[in-house]
Amino acid sequence: MFSSFFLGANSGRGFCSFYDELINLQDARAVYILKGGPGSGKSSFMRKLTRKADALNIPYELIFCSSDPDSLDGVVFTTLKT
């Protein structure tokens, strides 16, 4: 049970960003930032988390990279506020 989004895109008016609307930081229980170079496993790790969430029936939102739709920029576990 998931939704998927692109939070940024190029448009006729330039780059549109909705990253500020990703999660309400005042209500969040936790925010984790993954940092690493290309191919270091960030997207793979997030996909592994979503498989576990599927098994536990935890809803989530996938945030895809606007320049590479096969790459994840983030995952929000809505009911966990994470």
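This part takes up the overall build of the protein chain. Along its length, the protein chain carries one helix and five strands. Helices and strands appear in the protein chain in the N-to-C order β-β-β-α-β-β. Taking the principal axes of its C-alpha atoms as reference, the protein chain extends roughly 40 × 30 × 25 Å. For the protein chain, the proportion of its 82 residues judged to be buried stands at 23%. The contacts of the protein chain with a sequence gap of at least 6 include a subset with a gap of at least 24, amounting to 49%. When the accessible surface of the protein chain is split by element, carbon and sulfur atoms take 54% of a total near 6200 Å².

This brings us to the packing of aromatic side chains. Remark: the centre distance and the inter-plane angle together describe each pair of aromatic rings, the angle taken between the planes. One pass over the structure, following the stated rule, counts one aromatic pair. Taking 6.1 Å as the distance between ring centres and 55° as the angle between the ring planes, the aromatic pair formed by Tyr60 and Phe77 counts as tilted. Within this pair, whereas Tyr60 is found in strand S4 (residues 60–64), its partner Phe77 is found in the segment after strand S5 (72–76), the two being separated by 17 residues in sequence. Classification of Tyr60 by relative accessible area gives buried; the value is 4%. A residue is classified by how much of its surface remains accessible, and Phe77, at 11% relative accessible area, is buried.

Here Asn24 lies in the loop between strand S3 (14–17) and helix H1 (42–55). Looking at Asn24, the relative accessible area reads 40%, which means it is partly exposed. C-alpha of Asn24 to C-alpha of Ser71: the two residues are 47 residues apart in sequence and 23 Å apart in space. At 2.9 Å, the side chain of Asn24 and the backbone nitrogen of Gln26 are in polar contact.

What counts and what doesn't
- Residues numbered from 1 in each chain as written.
- Predicted model: local features only at pLDDT ≥ 70, side-chain atom pairs only at ≥ 80, totals over all residues.
- Heavy atoms only, no water.
- Helix = DSSP H or I, 4+ residues; strand = E, 2+ residues; numbered from the N terminus.
- Buried < 20%, exposed > 50% of the residue type's maximum accessible area, 1.4 Å probe, protein only.
- Contact = heavy atoms within 4.5 Å.
- Areas by Shrake-Rupley, 256 points an atom, 1.4 Å probe, with all protein chains shown as cover.
- Phe/Tyr/Trp six-rings, centres within 6.5 Å; stacked < 30°, edge-to-face > 60°.
- Polar contact = N/O pair within 3.5 Å; in protein donor to acceptor, adjacent residues only side chain to side chain.

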